[in-house]
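Chain by chain, the residues run as shown.
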Amino acid sequence: MADRLAMYIDTSKCMACRGCQVACKQWNDLPAYQTEQTGTYENPPALDHYTFTRIRFAEYDDPDRFQWLFLKEGCMHCGQAACVDVCPTAALKYGPNGIITFERDLCNGCGYCSQFCPFGVPHLSVPSPLRGTGSLTGLEGQIELAQYGALDGLTGDVKSSKCTFCQDRTVNGLKPACVKTCPAGALDWGNRDEMVAKAKARVDVLKTQRNFPQAQVYGDTQLGGLGRIYVLKAPPEAYGLQADPKYPAMSTLWQKILQPVGQVAFGATIVGAIAAFFVARRNVHMEEVE
Amino acid sequence: MSVRLRGTDSAIQIRWIPKYTTLERFLHWVHTATFIPLALTGFILFAPFLQPVAQGEAGTQIRLIHRIAAILFGGVPIIYAILQPRRMLINLREFLSFTKYDVLWVKNAVPYYVLGRHHDMPPQPRFNTGERMTALVMILGTATFGITGLSMWFLKSIMPTVLYQLMVLVHDLMFIITFAMFLIHFYLAVIHPMMWQSLVSMRYGVVSESYAREHHAMWYYGEKRAKEMWERRHSES
């Protein structure tokens, strides 16, 4: 897709101010909640239904020096997205410019997306970590909580959610909220090919001038090309990323083989029974039947 | 029971033989009344043209119906095991016993059910080969649906995603098998012109003597005599 858009994320410039997290919550009307200090500056503890992006902190003891790595997490907007393939409601779709869009009203809360995403990004509203660790704050939080009852985990009356690259902004030619707010110049937004070229140029600089021999681009080739193009200072594993994320084989097996087999089996059985009925009606002589 | 033929002085005598207990019939219909909504709500995932029903609020309600029906569906064998454990064991033992006559049954089933050729049909016990296969598929299906369904429902946030994906796959595979089996079962029991008595038996719990003789000779005559009769008939023809 020539007009595919992507987010450029330069981890060598990120200072983990987490302005992107705040801007994301503000633009998407996502409530915040109380968390507990567990010995890390990471906050909240993980991506969840109300947290579309978050800075992951990692410590990397490379042979030359110790590195403190910051990784902006969120939906990768894969070129080959398992979540879209398994979504039975088309709430998740390949949107314009390669963005994986999410339409909340269509979601029925089945949660397949959360279980088939190779990066574990989409999250259901309940059960969510915040039920155990704290409570939602602010007006949005109260509204959000009021929507969900105590039995929702049992009845399945929940919704999924994830980063949509601020689809309401980007389709109108604006940058995602996080990119607009980043004060360190670590984030950029634009044509995917340009973002990949920019990332490669930056990696060259890191390798040759900044003494990061392990610097590399991540996201340019994985899973049909990701919508997030990372500049990494260290191997992906050091950031907690999978070096070679795989499209789930179970999704292929389910969507491409099992479902068509089921459709053929049901169709053949029904057509066969109807045909057999008409043949049997002609051939079966009831006077011979006891 | 004697039935007077309308407009004549003749009467025919029908002897009814009990086949199912009241509880068995009741549970069979509970099973039916829960399997159909389960199957239809699950079938939506196989039919792209039904996608609007899966979306948003409608989809959430459909999933709720699926869950309520699933609990009742799973309750059927448990209630049966508690109230009539001996009957259940007897039936289970019968479901699991297959002989060479079952091979012959499978071989002759299509000419029999489609073309009405009943001469080569081997004698059958209280449940014929098809009934036993349906029962076993349903038993296996209920157990599989229970394990995979409850896991997907309650262990989603705990179990490894690969295991969850496997559960989805097995649940779907079992649905394809059981739903296809159900369609055949429904056709033979309700629609097929020859099998009208199977519906009677599931409603009133009895089959007529003549039906038992024709379709379940090993049950009516006893295994030894039925086999002898069949061997004799077979060697003559």
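Residues numbered from 1 in each chain as written. Chains lettered and ligands numbered in written order. Predicted model: local features only at pLDDT ≥ 70, side-chain atom pairs only at ≥ 80, totals over all residues. Heavy atoms only, no water.

Of the regular secondary structure elements, chain A holds eleven helices and ten strands. Counting over 290 residues, chain A shows a buried share of 52%. The contacts of chain A with a sequence gap of at least 6 include a subset with a gap of at least 24, amounting to 64%. A total of about 13,300 Å² of accessible surface is found on chain A, and carbon and sulfur atoms cover 55% of it. (Helix = DSSP H or I, 4+ residues; strand = E, 2+ residues; numbered from the N terminus. Buried < 20%, exposed > 50% of the residue type's maximum accessible area, 1.4 Å probe, protein only. Contact = heavy atoms within 4.5 Å. Areas by Shrake-Rupley, 256 points an atom, 1.4 Å probe, with all protein chains shown as cover.)

On the surface, Leu154(A), Ile71(B), Leu150(B), Phe154(B), Leu155(B) and Ile158(B) cluster together to form a nonpolar patch covering roughly 570 Å² of accessible area. Inspection of the secondary structure puts Leu150(B) in helix H6 (residues 129–154). On the basis of relative accessibility, which here comes to 42%, the residue Leu150(B) falls in the partly exposed class. (Patch = residues over 30% accessible without salt bridge, like charges linked within 9 Å, V, L, I, M, F, W, Y side chains within 5 Å. Salt bridge = Lys/Arg side-chain N within 4 Å of Asp/Glu carboxyl O.)

What follows concerns empty space enclosed by the protein. Residues and elements named next belong to chain A. Inspection of the entire model under this criterion finds five cavities of 30 Å³ or more. Roughly 130 Å³ of volume is contained in the largest cavity. Along the wall of the largest cavity there are 18 residues; nearest its centre are Cys14, Cys20, Ile55, Cys182 and Ala186. Only helix H1 (19–27) and strand S3 (66–73) provide two or more residues apiece to the lining of the largest cavity. For the lining of the largest cavity, the element with the most residues is S3, which contributes three residues. (1 Å grid on protein atoms, 1.4 Å probe; cavity = no way out; pocket = protein on both sides within 12 Å on 5 of 7 lines; lining within 4 Å. Points joined across faces, edges and corners; volume = space filled by probe spheres on them.)

This part covers the sheet that holds strand S1 (residues 5–10) of chain A. Residue and element names in this part refer to chain A. Taken in spatial order, the four strands make up an open sheet running S8-S1-S10-S9, and their pairing is mixed. Sheet topology places strand S8 (187–191) and strand S9 (216–218) at the edges, where each strand pairs with a single neighbour. On average, adjacent strands in this sheet sit at an angle of 25° to one another, irrespective of strand direction. In terms of strand pairing, S1 meets strand S10 (residues 228–232) through four bridges, oriented parallel. In the strand pairing of S10, Asp10 is matched with Val231. Contacts from helix H9 (residues 192–208) reach S1, S8, S9 and S10 within the one sheet, and its direction differs from that of S8 by about 135°. (Pairing = 2+ DSSP bridges. Axes fitted to C-alpha atoms, helices over the stretch in contact; angles between N-to-C directions.)

Turning our attention to the packing of aromatic side chains. All names here are of chain B. In this structure the tally under the stated criterion is 27 aromatic pairs over all chains. Their ring planes at 15° and their centres at 5.2 Å tell us that Phe175 and Phe179 sit as a pair that is stacked. Residue Phe175 and its partner Phe179 are located together in helix H7 (residues 161–191), separated by four residues, close to a single helical turn. For Phe179, a relative accessible area of 8% translates into the label buried. Over the ring of Phe98 we find Arg132, and its NZ or CZ is 5.1 Å from the ring centre. (Phe/Tyr/Trp six-rings, centres within 6.5 Å; stacked < 30°, edge-to-face > 60°. Lys NZ or Arg CZ within 6 Å of the ring centre and 35° of its normal.)

A word on the domain arrangement of chain B. In many analyses, interface size is given as the accessible surface area lost on bringing the parts together. Residues and elements named next belong to chain B. Domain boundaries assigned for chain B yield domain 1 (21–83) and domain 2 (99–237). Its C-alpha centre places domain 1 at a distance of 20 Å from the equivalent point of domain 2. Taken together, the contacts link 15 residues of domain 1 with 18 residues of domain 2. Counting each side, the surface lost to burial between domain 1 and domain 2 is near 1,500 Å², with a carbon and sulfur contribution of 77%. Ranking the residues of domain 1 by area buried against domain 2 places Arg25, Phe35 and Phe46 at the top, with a combined share of 37%. The tally of links from domain 1 across to domain 2 stands at zero salt bridges. (Domains from an automatic or database assignment. Buried area = accessible area lost by both parts, 1.4 Å probe.)

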